[in-house]
Structures are given as C-alpha cells and as structure tokens.
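Breakdown of the fold
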Amino acid sequence: MVVLKPLVLACLASTCVAASPQQVPLGNGQDFDADNLKHVARENGPQIFNALHSSMRQFGSSLKHNGMSFFPAKVPAKTQFYHGTHTKERVTGMEWLAFEIEHAEMFARSRGGGPPGKRPGGPGRRPGGGPGERPGEGPERPEDPKKGPAGGPGPGRPPMDGQNAGYLHTYQTNRELSNLLYIDGMSAGKTSMGTLDTTDFVLRNITDETAPWGDYQRAQDLCTLGSEWNVEGFIRMEAGFEIILCNFTEGLDFVSARQRPANGKPEGFNDLDHFEYVRGLAARYQGITAGRVEVDYSSMVSAFFYPLNLTNPDQNKTELPRLVSADSSGIVRLKEDIRSSLSQSKARDHRSIDWQGVVDMLVTRYSDRLQYLASNLSTQKDMLSDINVLLNVYIDYNKTDIETAKESCAVHYLRPVVPVSTQDHLLHEAILAVSTQICNSLFEVRTMLIGAEENESTNGDAAKSVVKELISRLDWSTWLECGKCAYNEACFVAIWPWGSLEDHEHPSCLKPDMITQRHGYWNMDR
C-alpha cells in the first residue's frame, strides 16, 4: 500500500494540533491534498454532520439510508445478543447477531403453517440476511438455479413441513469485541437504491451494480476481508442493528436456546408481531442504549471527505448519495484509508472525541427553535424574542461587534474540542461550516427583525424565508420525528423491507392494521 503524507490542517487558533506521522493518511496528490480535503469537508458539512448525528441511530439512518461512512467500533464484554434459527445447538462459524429480541424472534418462528395473523412483509417473508438467516433462508425470491432458493449459496433451507421448531438463542460476549467495523446507513438493506454501495463497491470491489440478494455470500466476502484486516465482525442496520460475527466461537458465550411455541397453539398466537417489531424498533430510534457499542468517531472515514462524484442517477432521489459514478481511484483511496483507520484506532486503544455529542449539542439547541421560527405559530415579536435568547449570549452590549459575535456563535460548541487525528480536523471543519451557516442566518434574521421593530414595520415573512432556507440546507432528521404516539400506535418510518414513499417522506404514528399494509418504497421487484 502506498504510504501517504499525513494532513496538517490549519484550524482556528488554540483548537487544533498538527497531525502526527502515526495518524491515518487521508491526502495524496492534487485531488487529495490537505487544502482540498478541508474544502470538501466544508462543502459536505451538512452531510458529514448528519452522518455523525445518525450513527447507530435507527431513525436518522432510515431516512439517510444510503450511508457513505465507516467507523471502527467495539462492543463491551458481557453484552447480550440474540439469534433466531431452526436448531437448538449453538452456532459455530459465521452468523448474524441481533441487538434486539424482536429482530431475532423474526428468524426464530416455527417453520410452516404460519401463526394466526399476518407475517411482516407478507406470508412467509422475512427480512433476509439478518440475525438467523441460514443459507437459502432470505426473503422469498425467484429461484436461481446456480444459487438455490432466495439467491442463497445453495442447500441449507430446513424442510417447511410445519413441524420444524424455531429457537431463540441468547449469546453474551466474554470479552470486548474490539475489532469491529460499523458500516453506516441502512447497510443491511437488500436494495438496488444505494444501501449496499459502500459494502459492494468499496469493501467487496464490485465494479458494477448487481442484484442485492445473496447476503450470505456478501457476509462471507466481508469476513474474508476481515481476516486480512483483523476485523472480527461488521455492524450493519436493516429493521434493527446487527453484527455479522465472523466466528461465533471467539469472544462469545452460548447462554441459552429456547424453543418457540408451535404455530396454531394459543401460546403461539401473535396477531401483533409486525406491530410489536416496529414498536421495538421505535424504542431504539435515537440509539441502541446501554453503551452496547462504542464508536470511534475520530477514526471515521467517509466518502464525504473526498472529491468523489456522489450523484444519484435516479432523478427522484437526488438527495440520496450513490457511489455508482465515483472514480475508481477514489474508491481505492477510500478503501485504503478505511484499513488504515482500523489500525490506527486500535493503536490508540479506540480513544475518540465524542463528535456525535458535539453535533447533538447543536441539534438540541437549535432544532425546535428553528422550526418554531419558520412556522406560522410565531409572530414577529415571538421571533425577536427567540432570536435574542439564541444570540444575546454572544454579544457584548458594552461594545457591540456583530462580526465577532458571529464568530463566537460559530465556534461555541467547538471550543472544548482539541482535534488530534486527521479525521478530527476534517470533522471540525465540517461542523464549523454547519454552525457558521446557522449563526450567519440567525444574525441575518436578527438584523431584519430589529430593523422592522425600529421602523415600526413588518418583516416577519422575509425573516421566516431565511430560516426555511437554512432548514432546507441542514436537513436534520429531527424535523421528521413523529412525537409521542398513542399506546396503540408506533412511529413508522420506511425501513427495509417495509414502508411506502409517504412513510419515508412523512413518518407518522400508525395503528397495527395500518402498518401491515405499508409497502412500495424499496423497489422490491428489482
């Protein structure tokens, strides 16, 4: 592998330190020099910001489902996982682990017959390539004579005779799983819409678009790469987070295998299984909780760091990035830097700046207030009151200097941060670009509102337009949240393999009978 010169980025005074020679080299040549990467990070600031905010969060990762970023990660010892299968014996070799019970339960049902009520995704359909999929057990697809049922790698499907029991396994880590790679977005979604771009184009070296099925082979390819890179598993997300663990006999204790109730028996009745699955997902929309995954944000590698063509050829989904048009040399550079970042993360014992915490501070400060300022609920005087709350902290009224106040506003939540790694510097640039946009827009609104008050005129609509334009640029997932749903409802966003276009664009609280009817967004026929 070519050894590249490390970046040394110029940041705001006292907030940055030079990158050391041990840090991941992200720059080489004209397109990848330090100044250009800083420029790219600023230009892609909102996308990088949102990738940080949505990492390991189901809701934002479902909306921004074409992930473009990779993060070294680890799982602490004594963490419990779940796995659904057709046998009570512990798994050996490669398989899937679910973070949530409901996810694994979908693969642990007794085979054949079907329980009373509808199965998620229709009779007999499961979200394939998840915690419990054996070879040939993915969502039912047309037969492939070369690969067997469902496009899997051949024999392996248990007989569907109605007598095949399902089992829910529980496993627990007996040590820290310290060599994991988190692939962000909905990277376990078997779609042709871009959810698999980072896995197939970058990690698997596939040079053209292929059918999204055959996830068992995909997992095997990842684990082959993992053996070269010293990666023991890959964290992905579909309808729930999962780990492709490359060897179940390493770092994992087998706790239990409990047979599931037989179909057709009262104890097997579950007319709400799809709804309860979605309810379980909704409980983890804003994070999987309990510190079950530690992400090394300081070692993040993202396609958004590079001058790559991320244009989506689908004119109806231009807001979602794709790698189909990216230059092959850029893809190679991206993959090399992922490998380097994994090594450097381990060398630093995964010590990281909590960049997600930084962006959370900005989102919680501004998200609701920006929506209020842009809405018809706020009068001109309401807007001025809120603007004063947000901005007066940065203004010294003994000697008013608005330009200095803007700078103070932009760096406020970055002041405690001291970037160390090359990625830290790029993330600093990206977040600073976003906070600068926010502060400049709010000070513009302030000027408009104060001028209107002094002239006893009306300028609220023009001020609202500035805020609406800012909201459009930021594109935060918080603005699509459902709020608190009734106890017989769940917040539903399109999550592979379920959901409609309406669910993607306008998630909402839905009752059980409505949730089972939602489909069409994921182009499942392709």
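Scroll up a little and you will see the structure.
Residues numbered from 1 in each chain as written. Predicted model: local features only at pLDDT ≥ 70, side-chain atom pairs only at ≥ 80, totals over all residues. Heavy atoms only, no water.

Let's shift gears to the overall build of the protein. When you go through the protein residue by residue, the secondary structure sums to 15 helices and 12 strands. Taken over 526 residues, the protein has a buried fraction of 57%. Across the protein, the fraction of contacts at a sequence separation of at least 24, relative to all contacts at a separation of at least 6, is 76%. Accessible surface, the protein as shown: approximately 22100 Å² in total, 49% of it carbon and sulfur. (Helix = DSSP H or I, 4+ residues; strand = E, 2+ residues; numbered from the N terminus. Buried < 20%, exposed > 50% of the residue type's maximum accessible area, 1.4 Å probe, protein only. Contact = heavy atoms within 4.5 Å. Areas by Shrake-Rupley, 256 points an atom, 1.4 Å probe, with all protein chains shown as cover.)

For the coordinates displayed, the defined rule picks out 13 aromatic pairs. Relative to Trp-496, the ring of Trp-213 lies with its centre 6.1 Å away and its plane at 50°, an arrangement referred to as tilted. Taken together, the positions of Trp-213 in the loop between helix 5 (197-203) and helix 6 (215-229) and Trp-496 in the loop between strand 11 (490-492) and helix 14 (501-505) put the pair 283 residues apart, joining distant regions of the chain. Assessed through its relative accessible area of 0%, Trp-496 is described here as buried. Geometrically, the ring pair formed by Trp-476 and Trp-479 is stacked, given 5.0 Å between the ring centres and 20° between the ring planes. When sorted by exposure, Trp-476 lands in the same class as Trp-479, which is buried. Members of the aromatic cluster, connected to one another through ring pairs, are Phe-71, Tyr-182, Phe-241 and Tyr-297. (Phe/Tyr/Trp six-rings, centres within 6.5 Å; stacked < 30°, edge-to-face > 60°.)

The volume enclosed by the largest pocket comes to roughly 480 Å³. Forming the walls of the largest pocket are 30 residues, and the residues nearest its centre are Gln-47, Lys-64, Phe-304, Glu-319 and Pro-321. At the level of secondary structure, the elements contributing two or more residues to the lining of the largest pocket comprise helix 2 (45-54) and helix 13 (460-474). Considering each element in turn, the lining of the largest pocket owes the most residues, five residues, to helix 2. (1 Å grid on protein atoms, 1.4 Å probe; cavity = no way out; pocket = protein on both sides within 12 Å on 5 of 7 lines; lining within 4 Å. Points joined across faces, edges and corners; volume = space filled by probe spheres on them.)

Bringing the nonpolar core into the picture now. If you look at the biggest cluster of nonpolar residues, it comprises 136 residues, and the most contacted ones within it are Leu-203, Ile-338, Trp-355, Tyr-366 and Leu-370. Look past the residues within four positions of Leu-203 in its chain and what remains in contact with it is Phe-70, Leu-181, Ile-183, Thr-198, Leu-222, Leu-225, Trp-229, Lys-335 and Ile-338. Ranked by size, the runner-up nonpolar core spans five residues in total, among them Tyr-82, Ala-104, Ala-108 and Leu-168. (Core = buried A, V, L, I, M, F, W, Y, C linked by side-chain atoms within 4.5 Å.)

For the rest of this paragraph, the subject is the packing of helix 11 (residues 402-411) against helix 12 (residues 422-454). Interhelical geometry of helix 11 versus helix 12 gives an angle of 140° and a closest axis separation of 8 Å. Classed by the angle they form, the pair helix 11 and helix 12 counts as oblique. You can see that helix 11 and helix 12 cross each other, and the crossing is right-handed. Seen from helix 11, the contacting residues are Ile-402, Ala-405, Lys-406, Cys-409, Ala-410 and Val-411; seen from helix 12, they are Leu-432, Ser-435, Thr-436, Cys-439, Asn-440, Phe-443 and Arg-446. Taken together, the residues of the contact of helix 11 with helix 12 sort by class into eight nonpolar, three polar and two charged. (Axes fitted to C-alpha atoms, helices over the stretch in contact; angles between N-to-C directions. Parallel < 35°, antiparallel > 145°, perpendicular 65-115°, else oblique. Left-handed = near helix turned anticlockwise from the far one by under 90°. Nonpolar A, V, L, I, M, F, W, Y, C, P; charged D, E, K, R; others polar.)

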